[in-house]
Amino acid sequence: MFSGAALGAGALIVAVLFAVALFLVVQALPTFSANPADITGGRGFFDYIFPIVVGTLIAATIALLIATPIGVAVALFTSHYAPRRLARGLGYVVDLLAAIPSVVYGAWGASYLASQLKVPYAWLAENFGWIPLFAGPASGTGKTILTAGIVLAVMVLPIIASLTREIFLQAPMLHQEAALALGATRWEMIRMAVLPFARGGIISAVMLGLGRALGETMAVALVLSSGPLIASLIRSGNQTIAAEIALDFPEAFGLRMHELIAAGLVLFLITLVVNMVARWIINRHKEFSGAN
Amino acid sequence: MATLMTERKRSALTRGRLPKYTPYVIAASSVVVAAALMALIGFHVFGWAVLSAVLFATANVVSSALVEGRRKATDKLATSLVVGAFLVALLPLVSVIWTVWVNGVPGLLTPGFLSTSMNGVTGAVDNASVKDGTPVLGGVYHALVGSILITLWATLISVPVGLLTAIYLVEYSAGNRFSKVITFLVDVMTGIPSIVAGLFAAAFFAMILGPGTKTGFVAAVALSVLMIPVVVRSSEEMLKIVPNELREAAYALGVRKWRTILKVVIPTAISGIASGVTLAIARVIGETAPLLVTAGFATTINMNVFAGWMSSLPTFIYTQIMTPTSPSNADPSTQRAWAAALLLIILVMLLNLGARLVARLFAPKTGR
Amino acid sequence: MGRMAAVLTVGALAVTACGTDNVVSPGSGGTTTSGTGATGILTGTGASSISAAMDAWKAGFESANPGAKIQYSPEGSGAGRKGLIAGAVQFAGSDAFLKDAELTAAQAKCGPAGAINIPWYISPIAVAFNVEGVKDLKLDAGTVAKIFRGDIKNWNDPAIKAANPDAALPDLAITPVHRSDNSGTTENFTDYLAAAATSVWTDEKSGDWPASLPGENAKGTSGVVKTVTETAGAITYADDSAVTGSLGKVELKVGDSYVPVTAEAAAKAVDAATVVAGRSANDLSLKLDRTTTVAGAYPAVLVSYGVFCASYPDAATASLVKSFGAFVLSDEGQKQAAEAAKSAPLSTELAGKAKAAIDSISSGSK
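Let me sum up the structure you'll find in this document. (Residues numbered from 1 in each chain as written. Chains lettered and ligands numbered in written order. Predicted model: local features only at pLDDT ≥ 70, side-chain atom pairs only at ≥ 80, totals over all residues. Heavy atoms only, no water.)

### Considering the overall build of chain B
Along the backbone of chain B there are 14 helices and 0 strands. Tracing chain B from N to C terminus, the helices and strands come up as α-α-α-α-α-α-α-α-α-α-α-α-α-α. Over its C-alpha atoms chain B spans a radius of gyration of 28 Å, topping by over 25% the 21 Å that the globule rule assigns to 368 residues. For the C-alpha atoms alone, the extent of chain B along its principal axes is close to 85 × 70 × 35 Å. Taken across its 368 residues, chain B has 55% of its residues classed as buried. Accessible surface, chain B as shown: approximately 15,600 Å² in total, 71% of it carbon and sulfur. (Helix = DSSP H or I, 4+ residues; strand = E, 2+ residues; numbered from the N terminus. Rg over C-alpha atoms; globule rule 2.2 N^0.38 Å. Buried < 20%, exposed > 50% of the residue type's maximum accessible area, 1.4 Å probe, protein only. Areas by Shrake-Rupley, 256 points an atom, 1.4 Å probe, with all protein chains shown as cover.)

Okay, here's the thing in structure tokens:
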């Protein structure tokens, strides 16, 4: 009975996802049969989608590069470093931050963060302009892909921190105490008894964070001054798939709408590939999981 | 140096340790040195704090490496990095919360904000209140009710489905092919752009109930599509780390599998599951785009999720910011938007509190 | 989990215990029109540009007809047109009139006469800039186009100086700011530039800003206005009602004189427009003459349409649509929109034609 309900729930997910996928594919199909000249940009779907796929990956990469180490460190701080009383409150605050609506992060990024970053960007362009990533002239408004990446990092940080903290707290106490009793320092104990145990969980948390970073629409739409694909992170330019959908979908009609849904399908596939890689990594370390 | 180290190693038990007051001395001196350095290149409070922290960490690690050895130094370095990362993380987060707090409080304290809707509030009303300096009329009640009801229904759909799926994956499937398919599909689901989930739900209900069906329940279904994968993934992770010893102990006592799951496995993982559910709620409660296409946009109170359009806090915030009620006097709308954002955060805070309370009621006593 | 659900339910019930829709005390709204006694719920979707005006119409219409309820979701013009064609809504708000193919598609749900486009909201598009000490500039379409294309890069450019000998133009780089989202404002503005500055503006009119052009962008009218307010030397185009305070506005060259942006000038430009030929007699799709030389007309203007079915299956819906349409196009309705959204009221002549078109809406199954 109980196992039947559990199986049923799993089957329901399969059905829902099948329906969503069907809906997406059917809606996206006209894009692929359309005359390439009719697609936005006039050179076919691939030429249209390629720059925004790269833009999406750039923004998500920046976000994860910043958020993963800091998120794991914050989780470690709340689970193993901070005094117990303080830790509980901090964990609470971190959970709350995950709840701030993305439009608020967007408004904060566009009105506050972007203007704060103008000066550092100008400095970067001046001193490191020879690196293509920091090629000048820096944006006059600070609304660049790097700013968008930072805002995304701030958004996914609570997700990563909150989930990894729970994993760290579940690490077996006995192993930790044994490590300490053998004379390990705190860091050695964490490295030997906590991190290996939590590896799968950390990757899972990062993937959830990545899911949000890839699919985030409103914050990017508000923060990024979009444009064609460029290498420089500190000039206005680049665009992400989700933001493109959010910006153009309301006024889209006919083929343009199918195009945007096809773009959504591509986003879907990207997340899929990333997740498959993550699963593969987790499965390689399965021996640390409790219920196998 | 090399001889010094070998000498230390020989007397392992009595080897050098830094006196207890060392960190304080280093802290004081790095603050002073940082101030001196800043004075040379132009003083700036923020830069001073950063420089002091960096100096402190470096001096601490180096002194430890010299006196206490490599292992202790590594430990200190890790501690510095963890604490440093935490402080760095706090900066933007505090900044966001502060922005919402400062901008949101005036609106939230306006009389009637929590108990009235936006019915009949037009640009002319806003223009008048700006011109005469009277309090801003119009409130968020309809959106608050809508948000609570829609999220409640989404939770009622997602948590059972998500949790049961996670239980199936961890406890029953034994890694069979179907479970691999589910895991794979759940991963796919995390990648659904939120607007697609909204369009899917709208299309689905249009097919069943006729075109243009927009109700709170349609929105709840759309949000569930976004919420289920988060619930499954976080619960799965939490169930997995419940030690097998517990399950085996229960089986050894002759407890049935389903009772073991309900009475042993879930209570052990409940704190993590509750945290995951809160995160899932947090993930969807701020969604704007899927709500607009599924629940419509109302300015009046609607308590029925099965009929009529419904407002919600995110759509309220979004429309108030992007299309102010009075384009030429956007301040009242901005004030309402920030107040609604603050209210949304408070709402999630209360939900979080509730979830933790539940978790504590169920959770067994643990080492922590 | 059951207990958690219980906690949530109790919380939800506690909150739903109080609250009211009576925000504005009756009588303070200034509505004096007597209602037509219409009842029922009318649903529409469409452009967000008219949402402020729609709020006012909704409030005015509902207070005059207590039995009626209007709901409008500002999802965008495209969504509105799709909704009307699919029969999901009874009317759509759109920044562009339906194309011929869409009119044909609408016949499935709206009967053989299809849908009709009726102009109900006029809004001038201001060219706003942030240059300290300069409040107005006289520019012709060619110069404006060159600025937005990045051909004119500095505020002290001779081309700007020549038309404004008295203005204290600084040596400051120009940052053109445009909309990042697809919008009716962009479509109308690029239409103006393409028609009035043919030699400079070589792109076609489009709701999307040409991606090849340099410049910064921001989302929504409020986004571009905010960006320009915060950036010295920036210039943008935006709905006039949202441009306030410190920003200067451009006077556009029409014929031989320069016309500042006002509601009257916008209405005048719309009056100079011609009705698109080859459509049903009651369709008021307007072809704006962007190169008009009518004195005092401001050609950079956005006309938003109410899109209705020419006939509705049941009489109740038809009469509700008619009475709502009549209210919106009445002097009172246009005045309320002007007060709330600072839009330009339709001229008496155009409003008369529009009212006649609304009256032609019929009921009956096909």
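### Side note on the state of the cysteines
When the sulfur atoms of two cysteines share a covalent bond, that bond is a disulfide. Residues and elements named next belong to chain C. Applying the stated criterion across every chain, the model contains 1 disulfide over all chains. Each sulfur of the disulfide joining Cys110 and Cys309 lies 1.8 Å from the other. Its S-S torsion of about -40° marks the bond between Cys110 and Cys309 as left-handed, since a negative value means left-handed. Linking Cys110 in helix 4 (residues 100–110) with Cys309 in strand 13 (residues 301–309), this pair joins segments that are 199 residues apart in sequence. Looking at Cys309, the relative accessible area reads 5%, which means it is buried. (Disulfide = S-S within 2.5 Å.)

### Re the interface of chain A and chain C
Chain A puts 23 residues into the contact, and the matching count from chain C is 24 residues. Of all residues in chain A, Leu247(A), Glu251(A) and Phe253(A) give up the largest surface area on contact with chain C, accounting jointly for 35% of the area buried on that side. Put simply, chain A and chain C have 0 salt bridges between them. For the pair chain A and chain C, the interface holds 5 residue pairs in polar contact (both at pLDDT 80 or more). Looking at the side of chain A that touches chain C, the elements that each hand over two or more residues are helix 4 (102–128), helix 8 (218–223), helix 9 (241–248) and helix 10 (255–284) of chain A. Sorting elements by how many residues they give to the side of chain A that touches chain C places helix 8 of chain A first, with 3 residues. Classifying every residue of the side of chain A that touches chain C gives 11 nonpolar, 7 polar and 5 charged. (Contact = heavy atoms within 4.5 Å. Buried area = accessible area lost by both parts, 1.4 Å probe. Salt bridge = Lys/Arg side-chain N within 4 Å of Asp/Glu carboxyl O. Polar contact = N/O pair within 3.5 Å; in protein donor to acceptor, adjacent residues only side chain to side chain. Nonpolar A, V, L, I, M, F, W, Y, C, P; charged D, E, K, R; others polar.)

### Quick notes on the interface of chain A and chain B
Between chain A and chain B, the residue contacts involve 87 residues of the former and 84 residues of the latter. When chain A packs against chain B, the two sides together hide about 7,900 Å² of surface, and 76% of this comes from carbon and sulfur. Linking chain A to chain B there are 1 salt bridge. A salt bridge links Arg71(B) to Glu188(A), with the nearest nitrogen and oxygen atoms 2.7 Å apart. For the pair chain A and chain B, the interface holds 7 residue pairs in polar contact (both at pLDDT 80 or more).

### A closer look at a positive patch on the surface
A cluster of like positive charges, contributed by Arg84(A), Arg85(A), Arg88(A) and Arg360(B), occupies part of the molecular surface. Looking at the positive patch element by element, the count peaks at 3 residues for helix 3 (residues 84–97) of chain A. Along the chain, Arg88(A) turns up in helix 3. (Patch = residues over 30% accessible without salt bridge, like charges linked within 9 Å, V, L, I, M, F, W, Y side chains within 5 Å. Lys, Arg positive; Asp, Glu negative; His and termini not counted. Charge placed at Lys NZ, Arg CZ, Asp CG, Glu CD.)

### A word on the pattern of salt bridges
Side chains that differ in sign of charge can pair as their charged atoms come close. Here the structure, examined in full by the defined rule, presents 19 salt bridges over all chains. The partner of Lys138(C) in a salt bridge is Glu251(C), and the shortest N-O contact between them spans 3.7 Å. Remark: Glu251(C) occurs in strand 9 (residues 248–254) and Lys138(C) occurs in strand 5 (residues 136–139); sequence separation between them is 113 residues. A single salt-bridge network, built from bridges that share partners, covers Glu244(A), Asp248(A), Arg256(A) and Glu259(A).

### Points about helix 5 (residues 145–170) of chain A
All names here are of chain A. Between its first and last C-alpha, helix 5 extends 37 Å over 26 residues, near the 38 Å set by a 1.5 Å rise per residue. Helix geometry: helix 5 is bent most strongly at Val156, by close to 35°, with proline Pro158 lying one to four residues after it. With 23 of 26 residues buried, helix 5 is to be regarded as a mostly interior element. (Expected span 1.5 Å × (residues − 1). Bend = angle between axes of the 7 residues up to and from the residue.)

### Side note on the pairing of strand 4 (residues 115–129) of chain C
Residues and elements named next belong to chain C. Within strand 4, 15 of the 15 residues are buried, which leaves it mostly tucked inside the rest of the structure. For strand 4 and strand 13, the ladder comprises 9 bridges, and the chain directions are antiparallel. When the sheet's bridge partners are listed, Asn117 is paired in strand 13 with Val307. Note: strand 4 against strand 8 (residues 234–239), 5 bridges, orientation antiparallel. When the sheet's bridge partners are listed, Ala126 is paired in strand 8 with Ala238. (Pairing = 2+ DSSP bridges.)

### So, the packing of aromatic side chains
Residue and element names in this part refer to chain C. Overall, the coordinates contain 32 aromatic pairs over all chains when judged by the stated rule. An angle of 15° between the planes, with centres 6.1 Å apart, marks the rings of Tyr72 and Phe91 as stacked. On the criterion of sequence distance, the pair formed by Tyr72 in strand 2 (residues 68–73) and Phe91 in strand 3 (residues 91–94) is long-range, its members being 19 residues apart. Of the residues examined, Tyr72 reaches a relative accessible area of 2% and is grouped as buried. Using a relative accessible area of 0% as the deciding quantity, one classes Phe91 as buried. Ring geometry for Phe129 and Trp155: centres 5.6 Å apart, planes at 45°, overall tilted. (Phe/Tyr/Trp six-rings, centres within 6.5 Å; stacked < 30°, edge-to-face > 60°.)

### Things to note about the side chain of Thr299(B)
Of note, Thr299(B) is situated in the loop between helix 12 (289–295) and helix 13 (313–322). Leaving out residues up to four positions away in the same chain, Thr299(B) has contacts with Ser117(B), Met118(B), Asn119(B), His142(B) and Lys58(C).

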